[in-house]
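# Tertiary structure, described
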Amino acid sequence: MLILILFFVWMLFFDTNSYLIHRELDKEIEGLKENTEFYQEQINQDKSFIEKMEDAEEMEKFAREKYYLKKKNEDIYIIEHEDSIKQKK
């Protein structure tokens, strides 16, 4: 009986294939699965963005809104609301 108890203690805590190590590896696997789901969602968002940018009008709209690009002989005025000014401070 003593030998069996020592064997189980050895297998649970001290062996290279112990329960504790397996539990840590299972947690790591779950974290990696969550990462793959997150990155798969990001890939899908980027694919839809790329498809959207194939349209010239959408690309121009994006460039104007994001980078404040303009056409020749055109002026751009940026109007900020009080709420956005307070958030920047």
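In what follows, the structure referred to is the one given above.
To keep things clear, this report deals only with the structure shown in the data block. (Residues numbered from 1 in each chain as written. Predicted model: local features only at pLDDT ≥ 70, side-chain atom pairs only at ≥ 80, totals over all residues. Heavy atoms only, no water.)

### Details of the overall build of the protein chain
- The helix and strand tally for the protein chain stands at four helices and zero strands.
- The order of helices and strands in the protein chain, counted from the N terminus, is α-α-α-α.
- The C-alpha atoms of the protein chain give 29 Å as radius of gyration, which overshoots the globular expectation for 89 residues (12 Å, by more than 25%).
- With the C-alpha coordinates aligned to their principal axes, the bounding extent of the protein chain is approximately 90 × 35 × 15 Å.
- For the protein chain, the proportion of its 89 residues judged to be buried stands at 4%.
- In the protein chain, 14 side chains carry a positive charge and 21 a negative one; their mean positions are 7 Å apart. (Helix = DSSP H or I, 4+ residues; strand = E, 2+ residues; numbered from the N terminus. Rg over C-alpha atoms; globule rule 2.2 N^0.38 Å. Buried < 20%, exposed > 50% of the residue type's maximum accessible area, 1.4 Å probe, protein only. Lys, Arg positive; Asp, Glu negative; His and termini not counted. Charge placed at Lys NZ, Arg CZ, Asp CG, Glu CD.)

### Structural notes on the packing of aromatic side chains
- The final tally for this structure, using the stated rule, is three aromatic pairs.
- Judged by centre distance (5.2 Å) and plane angle (65°), the ring pair of Phe-38 and Tyr-39 falls under edge-to-face.
- Their ring planes at 80° and their centres at 6.0 Å tell us that Phe-62 and Tyr-67 sit as a pair that is edge-to-face.
- Judged by its relative accessible area of 29%, Phe-62 falls in the partly exposed class.
- Taking the relative accessible area as the measure of exposure, Tyr-67 reaches 52% and is therefore exposed.
- One aromatic cluster is present, formed by Phe-49, Phe-62 and Tyr-67 through successive ring pairs. (Phe/Tyr/Trp six-rings, centres within 6.5 Å; stacked < 30°, edge-to-face > 60°.)

### Things to note about the environment of Ser-18
- Checked against the element boundaries, Ser-18 lands in the loop between helix H1 (2-14) and helix H2 (19-53).
- Take Ser-18: its relative accessible area is 1%, and that puts it in the buried class.
- For Ser-18 and Ile-78, which are 60 residues apart along the polypeptide, the C-alpha to C-alpha distance reads 63 Å.
- What Ser-18 contacts, discounting residues up to four positions off in sequence, is Met-11, Leu-12 and Phe-13. (Contact = heavy atoms within 4.5 Å.)

### Remarks on helix H3 (residues 56-67)
- Here H3 spans 16 Å end to end across twelve residues, near enough to the 16 Å set by a 1.5 Å rise per residue.
- Once H3 finishes, Tyr-68 follows within two positions and takes phi at roughly 55°, a positive value. (Expected span 1.5 Å × (residues − 1).)

### Details of a nonpolar patch on the surface
- Among the surface-exposed residues, Met-1, Leu-4, Ile-5, Phe-7, Phe-8, Val-9, Trp-10, Met-11, Leu-12, Phe-13, Phe-14 and Tyr-19 lie close enough to one another that they form a single nonpolar patch of about 1300 Å² accessible area.
- A total of ten residues in the nonpolar patch trace back to one element, the largest contributor, which is H1.
- Overall, Leu-12 belongs to the partly exposed group, its relative accessible area being 40%. (Patch = residues over 30% accessible without salt bridge, like charges linked within 9 Å, V, L, I, M, F, W, Y side chains within 5 Å. Areas by Shrake-Rupley, 256 points an atom, 1.4 Å probe, with all protein chains shown as cover. Salt bridge = Lys/Arg side-chain N within 4 Å of Asp/Glu carboxyl O.)

By themselves these figures say nothing about function.
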